[in-house]
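Architecture at a glance
If you want the building blocks of each chain, they are given just below.
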Amino acid sequence: MVEKENYQMAIDLLRCHLGLTVEEAREQLGIDSQDSIQKQVVDTQESIMSASRS
């Protein structure tokens, strides 16, 4: 939710001025879907946990 609020203006500008779709605008800004972000968080946490066990 926070992500959406932070980037909504940039997304709207890209959509209006460049005619991009929401997904294209998100891609241009480097914003992944929430599922992808969650997966990255879990992967990072797993890496940290495995490194700390070594």
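All of these numbers come straight from a predicted model, not from anything done at the bench.

This paragraph deals with the overall build of the protein. Across its full length, the protein holds three helices and zero strands. Helices and strands in the protein line up, N terminus first, as α-α-α. For the protein, the proportion of its 54 residues judged to be buried stands at 11%.

What follows deals with the environment of arginine 26. Position of arginine 26 among the secondary structure elements: in helix α2 (residues 22-29). For the pair formed by arginine 26 and leucine 14, sequence separation is 12 residues and the distance between their alpha carbons is 9.1 Å.

Moving on, we get to the confidence of the model for the protein. Of the residues in the protein, 80% have a pLDDT of 70 or more, and the chain-wide mean is 81. Mean pLDDT across the secondary structure elements of the protein bottoms out at helix α3 (residues 34-53), with 80, and peaks at α2, with 88.

What counts, and where the lines are drawn
Residues numbered from 1 in each chain as written. Predicted model: local features only at pLDDT ≥ 70, side-chain atom pairs only at ≥ 80, totals over all residues. Heavy atoms only, no water. Helix = DSSP H or I, 4+ residues; strand = E, 2+ residues; numbered from the N terminus. Buried < 20%, exposed > 50% of the residue type's maximum accessible area, 1.4 Å probe, protein only. pLDDT = per-residue confidence, 0-100.

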